[in-house]
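One letter stands for each residue in the lines below.
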Amino acid sequence: MGPELTETQVLHLWETGAGHAPPARALLLAETVAPPGEDVGDLPLSELNALLLDLREGSFGAALPCAADCPNCDEPLEVTVTADELRAPGRRNIPGPSRAPLTLRAEGYEVVYRPLTGRDLLAIDPASPEARRVLLSRCVLASEPGGDPLPEKVLERIAQRLADVDPGADTVLSLACPYCRHPWAAALDVAAYLWAEVEGCARRLLHEVHTLARVYGWSESEVLAVSPARRRFYLEATAG
Ligand SMILES: [Zn+2]
């Protein structure tokens, strides 16, 4: 069981993250569970996802209901995956083998590189045609020979390696259509998923504040100081 977001944190996250791009929201969420002193922006994406999955599990449970359309027969499917199914195997409690710099020899170059981090995603403009190149270049710590930008071919070799050196950077579901049996892999963005839930939870809370403040004349902090169980009672009483 992971850490649970408090109501205060939910409201704070919603307020701080509104208007920010998805990578910034992912980091905001992860910051709430990161060990003190850990800069979540520097974590390999798999470790960032692991934190987000812990937070999701602790705050909203281990089951993640998802909707997807079969790419073969278009049938809409509802599947529920568990946080464990989304965790990369062996990802937990391993002190980041993926954090050590890695070496690649290709096309006459020797390149020292590292896995992608949340800060990399934050730094790029996803709409730019250069986004992929910029992203991959950020992984390069050193190259021999240095100087000029690395050829596209070398960067693509790094891209191919990234999935192996940081399994769990992409959380992927293996799905099979119950109607046509077509199997496929669907990406699930844990940060976006969790953000939508935080947003929903914040809106629900604010509605509760609004209703109770109006009926009883309480202030926002007074409403939030009432326990969720008692608040439910008052809300029911108000509705009835
Ligand atoms: Zn199908």
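Residues numbered from 1 in each chain as written. Predicted model: local features only at pLDDT ≥ 70, side-chain atom pairs only at ≥ 80, totals over all residues. Heavy atoms only, no water.

Some points on the overall build of the protein
The number of helices and strands found in the protein is 10 helices and seven strands. Taking the principal axes of the C-alpha coordinates as reference, the protein spans close to 75 × 50 × 35 Å. Here the protein, with 240 residues, has 40% of them falling under the buried criterion. Within the protein, residue pairs in contact and separated by at least 24 positions form 60% of the contacts whose partners lie at least 6 positions apart. Carbon and sulfur atoms form 53% of the exposed surface of the protein, whose accessible area is close to 13600 Å². With 22 positive and 35 negative side-chain charges, the protein shows a separation of 2 Å between the mean positions of the two kinds. (Helix = DSSP H or I, 4+ residues; strand = E, 2+ residues; numbered from the N terminus. Buried < 20%, exposed > 50% of the residue type's maximum accessible area, 1.4 Å probe, protein only. Contact = heavy atoms within 4.5 Å. Areas by Shrake-Rupley, 256 points an atom, 1.4 Å probe, with all protein chains shown as cover. Lys, Arg positive; Asp, Glu negative; His and termini not counted. Charge placed at Lys NZ, Arg CZ, Asp CG, Glu CD.)

Re the pairing of strand E4 (residues 109–113)
Of the two faces of E4, only one is covered, namely that formed by Tyr-109, Val-111 and Tyr-113; the face formed by Glu-110 and Val-112 stays uncovered. In this structure, strand E3 (residues 102–106) lies alongside E4, joined through five bridges in antiparallel fashion. When the bridges of E4 are listed, Leu-102 appears paired with Tyr-113. The antiparallel pairing of E3 with E4 creates a hairpin that spans two residues between the two strands, and Glu-107 there sits at a positive phi of about 55 degrees. Here E4 pairs with strand E5 (residues 140–144) via four bridges, running antiparallel. Following the sheet pairing, Tyr-113 is matched in E5 by Val-140. (Pairing = 2+ DSSP bridges.)

Things to note about the coordination of the zinc ion
The zinc ion binds to the protein through Cys-70 (SG), Cys-73 (SG), Cys-177 (SG) and Cys-180 (SG); the donor distances cover 2.3 Å. The coordination sphere of the zinc ion comprises four donor atoms, whose angles at the metal cover 105 to 114 degrees; the geometry is tetrahedral. In terms of primary sequence, the donors binding the zinc ion are separated according to C-x2-C-x103-C-x2-C. Judged by relative accessible area, Cys-70 falls into the buried class, the value being 0%. A relative accessible area of 29% places Cys-73 in the partly exposed class. (Donors = N, O, S within 2.8 Å, 3.2 Å for Na, K, Ca; no water. Tetrahedral: all angles 85-135°; square planar, octahedral: opposite > 155°, others 65-115°.)

Quick look at the sheet that holds E4
Hydrogen bonds between backbone atoms are what pair the strands of a sheet, whose relative direction is either parallel or antiparallel. Read across the open sheet, the three strands follow the order E3-E4-E5; overall the sheet is antiparallel. In this open sheet, the two edge strands, each paired with only one partner strand, are E3 and E5. Neighbouring strand axes in the sheet, compared pairwise and without regard to direction, differ in orientation by 20 degrees on average. (Axes fitted to C-alpha atoms, helices over the stretch in contact; angles between N-to-C directions.)

Side note on helix H7 (residues 152–165)
Between its first and last C-alpha atoms H7 spans 20 Å; for 14 residues at 1.5 Å apiece the expected length is 20 Å, and the two agree. In this structure, the buried side of H7 is in contact with E3, E4, helix H6 (131–138) and E5. (Expected span 1.5 Å × (residues − 1).)

Side note on the domain arrangement of the protein
In terms of domain boundaries, the protein breaks down into domain 1 (7–91 + 183–239) and domain 2 (97–165). A separation of 31 Å is found between the C-alpha centroids of domain 1 and domain 2. The partner domain 2 presents 10 residues to the 14 residues of domain 1 that form the contact. Interface area lost by domain 1 to domain 2 is led by Pro-23, Pro-44 and Leu-45, which between them contribute 42%. Remark: the boundary between domain 1 and domain 2 carries two salt bridges. The interface formed by domain 1 and domain 2 contains five residue pairs in polar contact (both at pLDDT 80 or more). For the side of domain 1 that touches domain 2, the secondary structure elements donating two or more residues are helix H2 (22–31) and helix H3 (45–60). In terms of residues, the side of domain 1 that touches domain 2 owes the most to one element, H3, which gives four residues. (Domains from an automatic or database assignment. Buried area = accessible area lost by both parts, 1.4 Å probe. Salt bridge = Lys/Arg side-chain N within 4 Å of Asp/Glu carboxyl O. Polar contact = N/O pair within 3.5 Å; in protein donor to acceptor, adjacent residues only side chain to side chain.)

Structural notes on the state of the cysteines
Two cysteines form a disulfide when their sulfur atoms are joined by a covalent bond. Summed over all chains, the structure comprises zero disulfides. Cys-66 takes part in no disulfide bond, and the closest cysteine sulfur, belonging to Cys-177, lies 16 Å away. With a relative accessible area of 12%, Cys-66 lands in the buried category. (Disulfide = S-S within 2.5 Å.)

A look at the pattern of salt bridges
If you walk through the whole model with that rule in mind, you get 13 salt bridges. Between Asp-42 and Arg-119 there is a salt bridge whose closest N-O contact spans 3.1 Å. Residue Asp-42 is found in the loop between H2 and H3, and its partner Arg-119 is found in helix H5 (residues 118–123); the two are separated by 77 residues along the sequence. Given a relative accessible area of 47%, Asp-42 falls into the partly exposed group. Owing to a relative accessible area of 31%, Arg-119 belongs among the partly exposed residues under this scheme. With a shortest N-O distance of 2.7 Å, Arg-132 and Glu-156 are connected by a salt bridge. Taken as a pair, Arg-132 in helix H6 and Glu-156 in helix H7 lie far apart in primary sequence, 24 residues in all. For Glu-156, a relative accessible area of 25% translates into the label partly exposed. The structure contains a network of salt bridges with shared partners spanning Asp-54, Glu-57, Asp-84 and Arg-87.

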